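Residue-level structure breakdown
Chain by chain, the residues:
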Amino acid sequence: MSEATNSTQLDEVRIGGIGASRKRVEDARFIRGRGSYVDDITLPGMLHMEILRSPVAHARIKSIDTSKAWEIPGVRLVLTGEMAAQRNLAWMPTLSYDTQAVLATDKVRFQGQEVACVVADDPYIAKDGCEAIVVEYEPLPAVVNPRQAMAEDAPVIRDDKEGQTDNLCYSWEVGDKEATDRAFEQADVISRLSLHYPRSHPSPIENCGAVASFDQATENLTVYMTTQAPHIIRAAVALVAELPEHMIRIISPDIGGGFGNKVPVYPGYVCAILCSILLGKPVKWIEDKSGNLISTGFARDMYFDGELALRSDGRILGVRFHADTDQGAFFSDAQPSKFKIGLVHSAFACYDVPTGHITARGAYTNKAPGGVAYRCSFRVTEAMFFQERLMAAAAVDVGLDPAEFRRRNLVRDDQFPYRTPFGFLTDSGQYQKCLDLGLEAIGYDQFLEDKEEAAKRGRRLGIGISTMTEPLGAGNSREYDILGIKMFDSAELRVHPTGKAILRTGAKTQGQGHETTWAQIVAHELGIPAADVLVEEGDTDTAPFGMGTYASRSTPVAGAAVAMVSRKIRAKARKLAAHLLEVSEEDIEWELGRFYVRSAPARGVSIQECAAAAYGNMPDGMEPGLENNAYYDPPNLTWPFACYIVTVEVDPESGVWDVLRVVAVDDCGVRINPMIVEGQIMGGLTEAYAMSNMQFITFDADGNCVGSNYMDYLLPTAWETPGFELHEVTTPCPHHPLGAKGVGECAAVGGPAAFVNAVMDALSDTGVRNIDMPVLPDRVWEAIATGQDVS
Ligand code: MCN
Ligand code: CUM
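Since the structure is predicted, the reported quantities are computational estimates derived from the model, not experimental observations.

Turning next to the coordination of the copper atom of ligand 2. Among protein residues, the single donor to the copper atom of ligand 2 is Cys376 (O), with a metal-donor distance of 2.4 Å. Structurally, Cys376 is set in the loop between strand 18 (370–371) and helix 10 (380–398).

Along the chain, Arg460 falls in strand 21 (residues 460–469). At a separation of 2.9 Å, a polar atom in the side chain of Arg460 contacts the main-chain carbonyl oxygen of Ala762. A distance of 2.7 Å separates polar atoms of two side chains, one belonging to Arg460 and the other to Asp765. Residues within four places of Arg460 in sequence aside, it is in contact with Val648, Glu649, Val650, Pro652, Ala762, Leu763, Asp765, Thr766 and Ile784.

In this section: the environment of Trp70. Relative to the helices and strands, Trp70 is located in helix 2 (residues 67–71). The class of Trp70 is partly exposed, set by a relative accessible area of 39%. When the C-alpha positions of Trp70 and Glu26 are compared, they lie 44 Å apart, and in sequence the two are 44 residues distant. Every residue in contact with Trp70, bar those within four places of it in the chain, is listed here: Val75, Arg76, Leu77 and Val78.

Attention now moves to the sheet that holds strand 27 (residues 588–591). Spatially, 27-28-29 is the arrangement adopted by the three strands of the open sheet, whose pairing is antiparallel. The open sheet is flanked by strand 27 and strand 29 (600–606), the only strands paired with a single partner. Across the sheet, the mean angle separating the axes of adjacent strands is 35° when strand polarity is ignored. Relative to strand 28 (residues 594–597), strand 27 runs antiparallel, the two being bridged by four bridges. Bridging across to strand 28, Glu589 finds its partner in Tyr596. Those strands touched by helix 15 (residues 554–581) are strand 27, strand 28 and strand 29, and its axis lies near 40° from that of strand 28.

Take the pairing of strand 14 (residues 283–286) next. The sheet contact formed by strand 1 (residues 47–53) and strand 14 spans three bridges and is parallel. By the bridge assignment for strand 14, Leu47 is matched with Val283. Relative to strand 14, strand 11 (residues 209–215) runs antiparallel, the two being bridged by four bridges. Paired with Val211 across the bridge in strand 14 is Lys284.

Every residue near ligand 2 is listed here: Gln228, Phe259, Gly260, Val263, Val372, Ala373, Tyr374, Arg375, Cys376, Tyr550, Ala551 and Glu745. Within the side chain of Glu745, a nitrogen or oxygen atom sits 3.0 Å from an oxygen atom of ligand 2. Broken down by class, the residue content of the shell around ligand 2 amounts to eight nonpolar, two polar and two charged.

In the vicinity of ligand 1, 34 residues are found, and the nearest of them are Gly258, His514, Ser554, Thr555 and Gln680. Between Arg375 and ligand 1, the recorded distance is 3.3 Å, taken from a side-chain N or O atom to a nitrogen atom. With respect to ligand 1, the side chain of Gln680 contributes an N or O atom lying 2.7 Å from a nitrogen atom. Listing elements by their share of the shell around ligand 1, those giving two or more residues are helix 14 (514–526), helix 15 and helix 17 (674–693). Looking at side-chain class alone, the shell around ligand 1 contains twelve nonpolar, 17 polar and five charged residues.

Let's shift gears to the pattern of salt bridges. Scanning the model with the defined rule gives 58 salt bridges in all. For the salt bridge of Glu136 with Lys62, the shortest nitrogen-to-oxygen distance reads 3.9 Å. A residue pair is termed long-range when its members are at least 10 positions apart, and Glu136 in strand 8 (residues 134–139) and Lys62 in strand 2 (residues 59–65) qualify at 74 residues. Judged by relative accessible area, which is 41%, Glu136 ranks as partly exposed. Judged by relative accessible area, which is 52%, Lys62 ranks as exposed. Arg406 is the partner of Glu388 in a salt bridge, and the nearest nitrogen-oxygen pair spans 2.8 Å.

Once that is clear, we can look at the packing of helix 10 against helix 18 (residues 746–762). Look at helix 10 against helix 18: their axes get within 8 Å of each other, and the N-to-C directions meet at 30°. Our classification of the angle between helix 10 and helix 18 gives roughly parallel. Remark: the crossing between helix 10 and helix 18 carries right-handed chirality. Where helix 10 approaches helix 18, its residues Val380, Thr381, Met384, Phe385, Glu388, Arg389 and Ala392 are matched on the opposing element by Ala748, Val749, Pro752, Ala753, Val756, Asn757 and Met760. Of the residues assigned to the contact of helix 10 with helix 18, the class counts are ten nonpolar, two polar and two charged.

With the rule as written, the count across this model stands at zero disulfides. No disulfide involves Cys668; its sulfur sits 6.8 Å from that of Cys746, the nearest cysteine. A residue is classified by how much of its surface remains accessible, and Cys746, at 0% relative accessible area, is buried.

Let's shift gears to helix 4 (residues 123–131). What helix 4 keeps buried is the set Ile125, Ala126, Gly129 and Cys130. Down the axis of helix 4, the buried set is contained in an arc of 145°. They therefore lie on one face. For helix 4, exposure combined with an orientation more than 90 degrees from the buried face picks out Tyr124 and Glu131. Its buried side turned inward, helix 4 meets strand 1, helix 2, strand 3 (75–80) and strand 7 (114–120).

Conventions and cut-offs
- Residues numbered from 1 in each chain as written.
- Chains lettered and ligands numbered in written order.
- Predicted model: local features only at pLDDT ≥ 70, side-chain atom pairs only at ≥ 80, totals over all residues.
- Heavy atoms only, no water.
- Donors = N, O, S within 2.8 Å, 3.2 Å for Na, K, Ca; no water.
- Helix = DSSP H or I, 4+ residues; strand = E, 2+ residues; numbered from the N terminus.
- Polar contact = N/O pair within 3.5 Å; in protein donor to acceptor, adjacent residues only side chain to side chain.
- Contact = heavy atoms within 4.5 Å.
- Buried < 20%, exposed > 50% of the residue type's maximum accessible area, 1.4 Å probe, protein only.
- Pairing = 2+ DSSP bridges.
- Axes fitted to C-alpha atoms, helices over the stretch in contact; angles between N-to-C directions.
- Near = heavy atom within 4 Å.
- Nonpolar A, V, L, I, M, F, W, Y, C, P; charged D, E, K, R; others polar.
- Salt bridge = Lys/Arg side-chain N within 4 Å of Asp/Glu carboxyl O.
- Parallel < 35°, antiparallel > 145°, perpendicular 65-115°, else oblique.
- Left-handed = near helix turned anticlockwise from the far one by under 90°.
- Disulfide = S-S within 2.5 Å.
- Arc of directions from axis to C-beta.

Next up, the structure:
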């Protein structure tokens, strides 16, 4: 037995507990090129699949001739929609209760849509096979804008759906219309803004892919695939294929970035599975970059018109807005809320707004499906962008400094839990403190002076603020589910006789560092050094059932489950300690990694000694072993807060703008690994910067996707990305066992408005209210030259 005393208590940071900026254990393999991604999987007899995609956006399919493809040596299967239909798989249900074509049969509805696929001995033969397929298309007019799609005379895209006589996908409203109308009647100032949040794409470095392996002897199906949510995929396959779950194994190996792109279910996965079933051989499908950019996981693409009712002193009396969203050809949003438009009504949650009303419509268009994906908890990014752009415009209209305007309206610390006009309950925060810290860090007053001085010499400086709280951590099971399965998550912990342990969760890391941080939670709860805890995720045969990683839900939900399972282990270890120390449980105290006798602190046993006893020296009647699991159903979403402040200089001659400084103040509650949290914030700010000024995917009038390659769709590199100055406030989450809130998406959500607000501030004397993203130099130049908004 250990003879340690209280004074030698383990140093939590030294064992890699909470608060330790532990180096990421997964990086040891990633930076050596030793990760194991889907494309690294090779199975005996494996064949390769390629997809033939539609070159046109909207057309009736008159015929598909595959005979030439079948003749190519090495081609094993040519699959068309007709053949899939024989298996009832030409269409699949989406997670938003719509249907989506797996392979087109009647029409193609967006450029890049899956029309056929070819399986061959190698991927090159499969590609040749695709090129040998002859498809006769009868072109139809294309619609690429949701408002045009909802016009009277627009061609009906989803004529496959019974009763669908227009392109309306859904309409929705929330809030109190009458009270809001009254607020606007009483307003001293009404401030309006219209804008478009452009379509964007997560573009992870690794594209999507799968290796499907159907064993004809056992009829078991194993699929290695790029998914952020393996158990949901297994549930979906079980439901669609009417197979029991134990015959389906989904393995999500290392993932080279998800960013939301790997949440939806894509036709490519389904085709790979179907081809493997038909051929009885493993089939690998690896998407190429254009395929990824043209067909998967789009985000945003939303038009806003809205207004704020203001009192002359700057207090907000009410808010109302309308949003039109472009859902693409199929409504395939992978999101667990009961709201078709996601959580757009989290807008204005950080401000004390008495009342509000939101209306929204979603439209089908001839564009790839998508909507909620890309580092965003379900249209929260658009909501916060519109909120902060409108706040900036309103500050000008009401004649207040934008920081002071926000300060007057931010929810105060003593108002929590705070009920928003749209029904959310925000949990905690110190919003004013974050804002003040940000202003101090950027040297707000000094910058305003510098700006005025510079203006005298014809220079345009600008400062942009963005403050927001967002709902992270879907969900709680009362309100959030996918396919009827509630949004809890899970952890299973097995402590071995030597005190080493393996932890598995229902989440799935794609670069966020779960292998590092979950071990830190175990270290914090049990005193087992983080280095002694192996973390595994992503295999449905071994991981406990969980709903996966998106919506920054891993820490709020799976992370909480890790804490809870560790506590269960500790409770059993306490009984073992009492047995070893020959005292009753009530006489035992816990300090990190050790139980001791209250009256004689020098008498104690380590957690490792308890682990050994669980297998070799348990008391009579006690079940052996030290393993357990926990399922955690969060009582609420977590509500982190952020304040981002950006300064820029705009060159009036060219419209080019340079970022001078970026200050970020994030409050995500208790930070498990501060270094990883900072990495998440920097990554998010980088994406925010890119969205604000360089990324867009547009479509011409015929529906051709312009920007489906990295020459047009730009990814930020170290060269253009500005430096970030990070600051921290900690308001523990009141309902999370560790006080942690999610953080993975904050900077990507709140960041874009700070950049755009800064540019607009630099143009404040021109009367221009809005330039739509990306805020390209030519748009800025045009705005300065014309004094008009640029969309
Ligand atoms: N963390 C922490 N303390 C907190 C909150 C988080 O130490 N208070 C740590 C976590 O332990 C975890 C990381 O920060 O290691 C992110 O945690 P969390 O906020 O819970 O988010 P998730 O793990 O659920 O990640 C999802 C989120 C989303 S939705 C997108 S999209 C996104 C993002 O993460 N995709 C990413 N960040 C990404 N980062 C990388 N590298 N790759 C992606 O694909
Ligand atoms: Cu919506 S992107 Mo993330 O939630 O996987």
